[in-house]
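Architecture and fold: a report
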Amino acid sequence: MRVAVDAMGVEKGLDIVIEGAVKARQANPEIEVVLVGDKEKLEDEITKSNFKETSFSIIHAPEAVKMADSATLSAKRKNNSSIALALDLLKEGKVEALVSAGNTGAVMAASLFKLGKLEGVKRPCLAVVLPTLSGGRVVLLDVGANVNCRAHHLFQFAIMGSIYAYKVLRKRTPRVGLLNIGEEENKGNTLALQTFRLLKESSLNFVGNVEGRDITSGNVEVIVCDGFTGNVILKFAEGFAKTALEIMNEQIKKSLPFLGGLLSKKWLGQAKRELDYAEYGGAPLLGVNGVCVVAHGASSSKAIKNAILASFEFAKGKINEHIKRALVS
C-alpha cells in the first residue's frame, strides 16, 4: 500500500520524517512511502542519514504551507505545496493514504477542496484515540475540525466514530457517550439536548451522557463533542500528561533518593508509552473522500511512524466505504 507523507510539515525537521518513514516500513513491509517535499533537501537528508533502507519515491514540492499561513488561502493559492501535491496523488489514485503533520487547518481545507466530502457526510471531523484506565482505547471526536456544530453533525460524528472504533479498535458494538456537564438526560445546552435525543433514538450503542472525568474511564469507546470542546480537551490532556509525569518523577526521587532514580526511570518509561500522543499516531480526518491522517506538528519520528501505520489501518479497513453505506442508506 502506498502512503504519501507531507515531508515539509514536521516542525522538527526532515530527518524526523525520514526516520519515521523508515520505522514504518520496518514495522509493516506492505507499506510503500512516497515523500512529498523539497526534493533536493530530502535527498541531502537521506544521504546524511545512517539508515540502510531509504528507498523512497520523492515527489518534488517547491512550496510549503507554514503554520501561520491562512488555511483557506493556502488551499486555494499554494497549488505546488507539499500538502496540495500529496492530496493530488491521493485524488488521482497514485497513493492509497496521506499523512501530514503540517498546518491542520490547511490540510482540512485542502482536503475538502480537492477530495470533497463522502456522500452523505455533512461535516468531516477529526478523531483522536486516547488511552483509558481499563487498558483499552477511546475515540474522541471532533477535536478541531468544526468549532460550531448542530445536533445532526454530532450525530454523524457518532456514526463515523463507531465505525472507526469497530474497524480499528476491534470493538464489535462500541459504546457511544455524549460529552456533557452531567449524566442526566436533561443536562446541557440546546446542542447537547438535541443531540441526546437523536442518539437515543438511533440504533447506535448509546449509553448516555458522559462527563469530562469519564473520558478515560474505559466505560465507552466513542465520545462525541463539538470541535471547540474537543480541541480544548486534547490540548489540555497533552499538557496535563506531561506535567503529571514530571511531578511524579520529582516526588519519586525525593521520597527514594537512592532507588528513586532507577525506579522512576523504569516506571516513567512505561507511563510515557501509555500517555505519549506519539504512541497513537495522528488523527484521522473522517468524512472526506480519501484516507487522510493529520499528525501533530511537533511529531517525533515515532509519531510519524505510528501515523503512517494508522493510515494503513484506515485504508485497509475500508472505513470510508462503511461510512458511505451507513450515511446513505
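A brief report on the enclosed structure follows.

Thresholds applied
- Residues numbered from 1 in each chain as written.
- Predicted model: local features only at pLDDT ≥ 70, side-chain atom pairs only at ≥ 80, totals over all residues.
- Heavy atoms only, no water.
- Buried < 20%, exposed > 50% of the residue type's maximum accessible area, 1.4 Å probe, protein only.
- Helix = DSSP H or I, 4+ residues; strand = E, 2+ residues; numbered from the N terminus.
- Polar contact = N/O pair within 3.5 Å; in protein donor to acceptor, adjacent residues only side chain to side chain.
- Pairing = 2+ DSSP bridges.
- Core = buried A, V, L, I, M, F, W, Y, C linked by side-chain atoms within 4.5 Å.
- Axes fitted to C-alpha atoms, helices over the stretch in contact; angles between N-to-C directions.
- Contact = heavy atoms within 4.5 Å.

**Regarding helix H5 (residues 104-114)**
Those residues of H5 not exposed but buried are Ala106, Val107, Met108, Ala110, Ser111 and Lys114. Capping of H5 at its N-terminal end is provided by asparagine 103; its side-chain oxygen lies 3.0 Å from the backbone amide nitrogen of glycine 105. Taken from the residues just after H5, glycine 116 is the one with a positive phi, measuring 80°.

**Quick look at unusual backbone geometry**
Phi is mostly negative for residues that are not glycine, and the peptide bonds are mostly trans. Cis geometry is found at the peptide bond from leucine 141 to aspartate 142, where omega equals 10°. Here aspartate 142 shows up in the loop between strand S6 (137-141) and helix H6 (151-168). The phi angle at arginine 170 is positive, at roughly 65°, despite the residue not being glycine. Positionally, arginine 170 belongs in the loop between H6 and strand S7 (175-179). For lysine 318, which is not glycine, the phi torsion reads 50° and is therefore positive. With respect to the helices and strands, lysine 318 occurs in the loop between helix H10 (301-316) and helix H11 (319-328).

**Re the pairing of strand S4 (residues 97-100)**
Taking every second residue as pointing to the same face, both faces of S4 are buried, with Ala97 and Val99 on one and Leu98 and Ser100 on the other. As defined by bridge partners, strand S1 (residues 2-6) adjoins S4 across four bridges and the pair is classed as parallel. Bridge pairing in S4 links alanine 4 to leucine 98. Pairing of S4 with strand S11 (residues 292-294) involves three bridges; the strand directions are parallel. Bridge assignment links serine 100 to a residue of S11, and that residue is valine 294.

**Here's the deal with the nonpolar core**
Taken as a class, soluble globular proteins show a tendency for nonpolar side chains to be buried jointly. Membership of the largest hydrophobic core comes to 60 residues, with the highest contact counts inside it found for Leu35 and Ile308. Sorting elements by how many residues they give to this core places H6 first, with nine residues. Counting residues in each nonpolar core, the second largest holds 38 residues, with Leu87, Leu89, Ala110 and Cys225 among its members.

**Remarks on the sheet that holds S1**
The eleven strands lie next to each other as S3-S2-S1-S4-S11-S10-S5-S6-S9-S7-S8, forming an open sheet whose pairing is mixed. Each edge of the open sheet carries a strand with a single partner, namely strand S3 (57-60) and strand S8 (205-210). For this sheet, the mean inter-axis angle between neighbouring strands, taken without regard to orientation, is 25°. In the sheet, S7 pairs with strand S9 (residues 222-224) via three bridges, with the strands oriented parallel. In the strand pairing of S9, leucine 178 is matched with valine 224. Running over the sheet, helix H1 (residues 14-27) touches S1 and strand S2 (32-37) and is turned about 165° from S2.

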